[in-house]
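Coordinate analysis (summary)
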Amino acid sequence: MAEITAEQVLAALKNVNDPDKGENIVDLDMIVGLQLKDGHVAFGIEVEPERGAKLEPLRKAAEMAVHDLPGVLTATVVLTAERPADAEPEPEQPRGGPPPVPEQAAFQKMDLLGIDNVIAVASGKGGVGKSTTAVNLALAMATEGKRVGLLDADIYGPSIPRMLGITEKPTQTAAGLIAPLENYGIKCMSIGFLIEEETAMIWRGPMATGALEQLITDVAWGELDCLVLDLPPGTGDIHLTMAQRVPLAGAVIVSTPQDIALADARKGLNMFEKVDVPVLGLVENMSYFSCPHCGERTEIFSHGGARKEAEKLGMDFLGEIPLDIVIRETSDDGQPIVASDPSSEHTAAYLNIAAKVWSKIDPN
Ligand code: ADP
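Residues numbered from 1 in each chain as written. Predicted model: local features only at pLDDT ≥ 70, side-chain atom pairs only at ≥ 80, totals over all residues. Heavy atoms only, no water.

A short note on the overall build of the protein
In plain terms, the rule: Per the convention used, a helix needs a DSSP run of H or I reaching at least four residues, while a strand needs a run of E reaching at least two, with both numbered from the N terminus. With a 1.4 Å probe rolled over the protein chains alone, any residue whose accessible area is under 20% of its type maximum counts as buried; one over 50% counts as exposed, and the rest are partly exposed. Should any heavy atoms of two residues lie within 4.5 Å, those residues are considered in contact. Here, Shrake-Rupley sampling with a 1.4 Å probe gives the accessible areas, and only protein chains in the shown set may cover a residue.
Within the protein, the regular secondary structure consists of 13 helices and 14 strands. Per-residue burial over the protein gives 55% buried out of 364 residues. Considering only residue pairs separated by 6 or more positions, the protein has 74% of its internal contacts joining residues 24 or more positions apart. For the protein, the exposed surface amounts to about 15,400 Å²; the carbon and sulfur share of it is 51%.

Notes on the nonpolar core
The line we're drawing: We define the nonpolar core as a collection of buried residues of types Ala, Val, Leu, Ile, Met, Phe, Trp, Tyr and Cys that are connected through side-chain atoms lying within 4.5 Å of one another.
If you look at the biggest cluster of nonpolar residues, it comprises 84 residues, and the most contacted ones within it are Met-141 and Phe-272. Apart from residues lying up to four places away in sequence, Met-141 is in contact with Ile-119, Lys-146, Val-148, Cys-226, Val-228, Ala-354, Val-357 and Trp-358. Formed by 22 residues, the second largest nonpolar core is a distinct cluster that contains Leu-13, Val-26, Leu-58 and Leu-69.

A short note on the confidence of the model for the protein
Quick note on the threshold: Within a predicted model, pLDDT stands for the predictor's per-residue confidence, ranging from 0 to 100.
Confidence in the prediction of the protein, expressed as mean pLDDT, is 84, and 88% of residues score 70 or more. Scored below 50 in pLDDT, residues 83-106 makes 41 contacts in the model with residues more than four places away or belonging to other chains.

What about the packing of helix H4 (residues 130-143) against helix H13 (residues 345-361)?
Worth spelling out the cut-off: Helix axes are fitted to C-alpha atoms over the stretch in contact, other axes to C-alpha atoms as well, and angles between N-to-C directions run from 0 to 180 degrees. Angular relationships are summarised with four words: roughly parallel below 35 degrees, roughly antiparallel beyond 145, roughly perpendicular across 65 to 115, and oblique for the angles in between.
In contact at an axis separation of 8 Å, H4 and H13 are set at 75° when each is read in the N-to-C sense. Considering their axes alone, H4 and H13 lie roughly perpendicular with respect to each other. Of the residues in H13, those in contact with Thr-132, Thr-133, Asn-136, Leu-137, Ala-140, Met-141 and Thr-143 of H4 are Tyr-350, Leu-351, Ile-353, Ala-354, Val-357 and Trp-358.

So, the sheet that holds strand S3 (residues 74-80)
The test is simple: At least two bridges found by DSSP between two strands are what make those strands a pair.
Spatially, three strands are ordered S1-S2-S3 in an open sheet, and the strand pairing comes out mixed. Across the chains shown, the open sheet's two edge strands, defined by having one partner strand only, are strand S1 (31-37) and S3. Put simply, the sheet's adjacent strands are angled 10° from each other on average, direction ignored. The sheet contact formed by strand S2 (residues 40-46) and S3 spans seven bridges and is parallel. When the sheet's bridge partners are listed, Phe-43 is paired in S3 with Val-77. Of the strands in this sheet, S2 and S3 touch helix H2 (residues 56-67), which is tilted by about 155° from S3.

Side note on the layout of surface pockets
Basically, it comes down to this: A cavity here means a set of 1 Å grid points, computed over protein atoms only, where a 1.4 Å probe fits but cannot escape. A pocket is an open set with protein on both sides within 12 Å along at least 5 of 7 lines, and lining residues have an atom within 4 Å of a point. Grid points are joined across faces, edges and corners, and a volume is the space filled by probe spheres set on the points. Think of it as three bins: nonpolar holds Ala, Val, Leu, Ile, Met, Phe, Trp, Tyr, Cys and Pro, charged holds Asp, Glu, Lys and Arg, and polar takes everything else, Gly as well.
The calculated volume of the second largest pocket comes to roughly 300 Å³. What lines the second largest pocket is a set of 21 residues, among which Gly-127, Val-128, Gly-129, Thr-132 and Met-286 lie closest to the centre. Elements supplying a minimum of two residues to the lining of the second largest pocket: H4, strand S12 (279-290), strand S14 (317-323) and helix H11 (325-332). Among the elements that take part in the lining of the second largest pocket, H11 stands out by supplying four residues, more than any other. Class assignment of the residues belonging to the lining of the second largest pocket gives a composition of seven nonpolar, eight polar and six charged.

Below is the structure:
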């Protein structure tokens, strides 16, 4: 099927009128941030903040108009009050002023059909091994016989498909949903399939949240015991909105033992508490250095910091994973350690963490 073009999208949107102004939303210059990627279309409709609450039908109409075009796999449309061109990177705290999406919608939890539990994997900052942990945790749950999906919501650096050795692109099912990609027995979708990374950086919360919701509701996940959600690093408003919209069974926080990372982990804990999401516990990654030659263990950072910190904060400590080249090489090669070396001690550590997580979300 021919690739959908911006002209085709705009032509379809010319049939959608602003109910208050009586003209179409293209001629009114309301379309912002139009993104096309492999049949996935995303854009914002810029509206005055005070009209946000009543324009949901307009948003829906625009979404349908685009979704019905041949060659479109998904359409992500959000109401936005600001132009992305003026946007700076996401602020740490939610901005003042009225939210561009109706408050009611922002706080309403989305329905998850067939997905029993969603667990978020979060970290206060990037590069601590959050995605590596999410992948191995998901694989560990699958090893234990669970039906597992893994959703890469890290808009700043989607890496899950690569870590799972997935190179294909998602396709559409007969029912018009997106078929998730599969490897090592787990189903996978990534926000990276929908949007370009550079765009994500300038999108405000609602746009990213809209795309994330699409990935949960428009993907043929089937029946899952658990959907593991790899969140973007940080604790900004995007995270807050995601944590509010998705009914999370709980969150796992990943941290390295360095003080600075732990301070960030603390922020993560506070954020989840703010939105009443239970924090299942803390994983200390790169906990100590495991020498690939002699197996000797070297404490590079002040080892044990995360365990102590977790105790101090009243969080459970889920386990520690060493800094080991094998973990890096396997995940960067698309063969995560839990899948490629089931009898290794690192796999045992991930299995242990998965068992603890599972016992918390399903104590029976
Ligand atoms: P984040 O999701 O927090 O940004 P990643 O999971 O992408 O971090 O990890 C960043 C880099 O560190 C990757 O190259 C990954 O393979 C590597 N890495 C993660 N955890 C470990 C570990 N325990 N030992 C060695 N390398 C690791």
